[in-house]
Amino acid sequence: QKEVEQDPGPLSVPEGAIVSLNCTYSNSAFQYFMWYRQYSRKGPELLMYTYSSGNKEDGRFTAQVDKSSKYISLFIRDSQPSDSATYLCASRGGGSYIPTFGRGTSLIVHP
Amino acid sequence: DGGITQSPKYLFRKEGQNVTLSCEQNLNHDAMYWYRQDPGQGLRLIYYSQIVNDFQKGDIAEGYSVSREKKESFPLTVTSAQKNPTAFYLCASSHYDNTEAFFGQGTRLTVV
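Please read all numbers here as calculations on a predicted model, not as lab measurements. Numbers given to residues run from 1 along each chain, matching the order in which its sequence is written. Labels follow written order: the first chain is A, the first ligand is 1, and so on. Since the coordinates come from a predicted model, pLDDT governs what is reported: local features require at least 70, and pairs of side-chain atoms require 80 or more to be given and counted, while whole-chain, interface and lining totals use all residues. Side-chain metrics rest on all non-hydrogen atoms present in the structure, leaving aside hydrogens and water.

Numbering of helices and strands runs from the N terminus, with a helix taken as a DSSP run of H or I at least four residues long and a strand as a DSSP run of E at least two residues long. Within chain B one finds zero helices and 11 strands. Going from N to C terminus, chain B has its helices and strands arranged as β-β-β-β-β-β-β-β-β-β-β. Dimensions of chain B, computed from the C-alpha atoms along their principal axes, are close to 40 × 25 × 25 Å. Contacts in chain B between residues far apart in sequence, at least 24 positions, make up 53% of those at least 6 positions apart. Surface summary for chain B: the accessible area is close to 5500 Å², and the carbon and sulfur share equals 46%. The sign given to each residue is positive for Lys and Arg and negative for Asp and Glu; His and the chain ends receive no count. Here the site of a charge means NZ on Lys, CZ on Arg, CG on Asp, or CD on Glu. Within chain B, the 12 negative side-chain charges are centred at a point lying 10 Å from the centre of the 11 positive side-chain charges. Residue contacts are counted whenever heavy atoms from the two residues lie within 4.5 Å of one another. Method for areas: the Shrake-Rupley scheme with a 1.4 Å probe, in which residue coverage is limited to the protein chains shown.

What follows is the structure, encoded as structure tokens:
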């Protein structure tokens, strides 16, 4: 079992929809959680990071961590075609500074 | 501008040849990483380095080598021993105690 699991999709939604992207993790020592966005043939760019449980909001993006269920979510409001990309979740903790990545979810927002 | 620079963007290699991918950062980050990305497999860690002159193997180090002679630089050599080298290679860096890792734009290596 991978330490961070993520459905690869693709997830296809109409423009303006609320998108929910999710990951689960198995290592209870993980404390830091990150979301990256990767456009085709580009390097991942950091979108958001959170520490421990709770929510964090940045514009149209909300990151949510539920440590009791080991569940990580990213919500995108008012989705745009420019949001079409692969979204990678990552976690680290337990004395290791190295992030562990999920496989990424491909998101397609169609006009 | 601060950031991570990978070069070249595209690289073609003949079978049996070694090739070196460049990664330079001016973010004053302590830690640097190399990942390999294949379709459907996410990011797999090849090597990582916490400080100059020290580096550790990741999950798929066989057929690769690295050096860390300067804080800013972490080149990756793909040797002829790597059986399936065609992939997208990503370099990243972070502060040792910081949660955020920043990536370069990647090098796409194709073996012909």
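The discussion continues.
Turning our eyes to something else, we now look at the interface of chain B and chain A. Counting from both sides, the interface comprises 27 residues of chain B and, opposite them, 18 residues of chain A. The term buried area means the drop in 1.4 Å probe accessible area that two parts suffer when joined, counted for both and summed. Buried surface at the junction of chain B and chain A, both sides included, amounts to about 1900 Å², of which 56% is carbon and sulfur. Whenever a carboxyl oxygen of Asp or Glu lies within 4 Å of a side-chain nitrogen of Lys or Arg, that contact is scored as a salt bridge. Our enumeration of links across chain B and chain A arrives at zero salt bridges. By the criterion applied in these results, polar contacts are pairs of N or O atoms within 3.5 Å in which, for protein atoms, one can donate a hydrogen and the other can accept it, and in which residues neighboring in sequence qualify only through two side-chain atoms. Inspection of the region where chain B meets chain A yields three residue pairs in polar contact (both at pLDDT 80 or more). Elements with a minimum of two residues in the side of chain B that touches chain A: strand 4 (31–38), strand 5 (42–51), strand 9 (87–94) and strand 10 (102–103) of chain B. Ranked by the residues each element gives to the side of chain B that touches chain A, the list is headed by strand 5 of chain B, at six residues. A class-by-class count of the residues in the side of chain B that touches chain A yields 13 nonpolar, 10 polar and four charged. Residue polarity is assigned by list, with Asp, Glu, Lys and Arg as charged and Ala, Val, Leu, Ile, Met, Phe, Trp, Tyr, Cys and Pro as nonpolar; anything else, Gly included, falls into the polar class.

Attention now goes to the pattern of salt bridges. Per the counting criterion, the structure on display carries six salt bridges over all chains. A salt bridge links E45 of chain A to R37 of chain A; the shortest N-O distance between them is 3.1 Å. Any residue under 20% of the maximum accessible area for its type is buried, any over 50% is exposed, and the rest in between are partly exposed; the area is computed with a 1.4 Å probe on protein chains only. Exposure remark for E45 of chain A: the relative accessible area of 33% places this residue in the partly exposed category. Each of R36, D38 and R44 of chain B takes part in a single network of salt bridges with overlapping partners.

Once that is clear, we can look at the environment of L11 of chain A. Residue and element names in this part refer to chain A. On the secondary structure map, L11 appears in strand 2 (residues 11–14). Owing to a relative accessible area of 28%, L11 belongs among the partly exposed residues under this scheme. Considering only alpha carbons, one finds L11 and V109, 98 residues apart in sequence, at a separation of 8.4 Å. If near-sequence neighbours (up to four positions away) are discounted, L11 is found in contact with V19, S20, L21, S106, L107 and I108.

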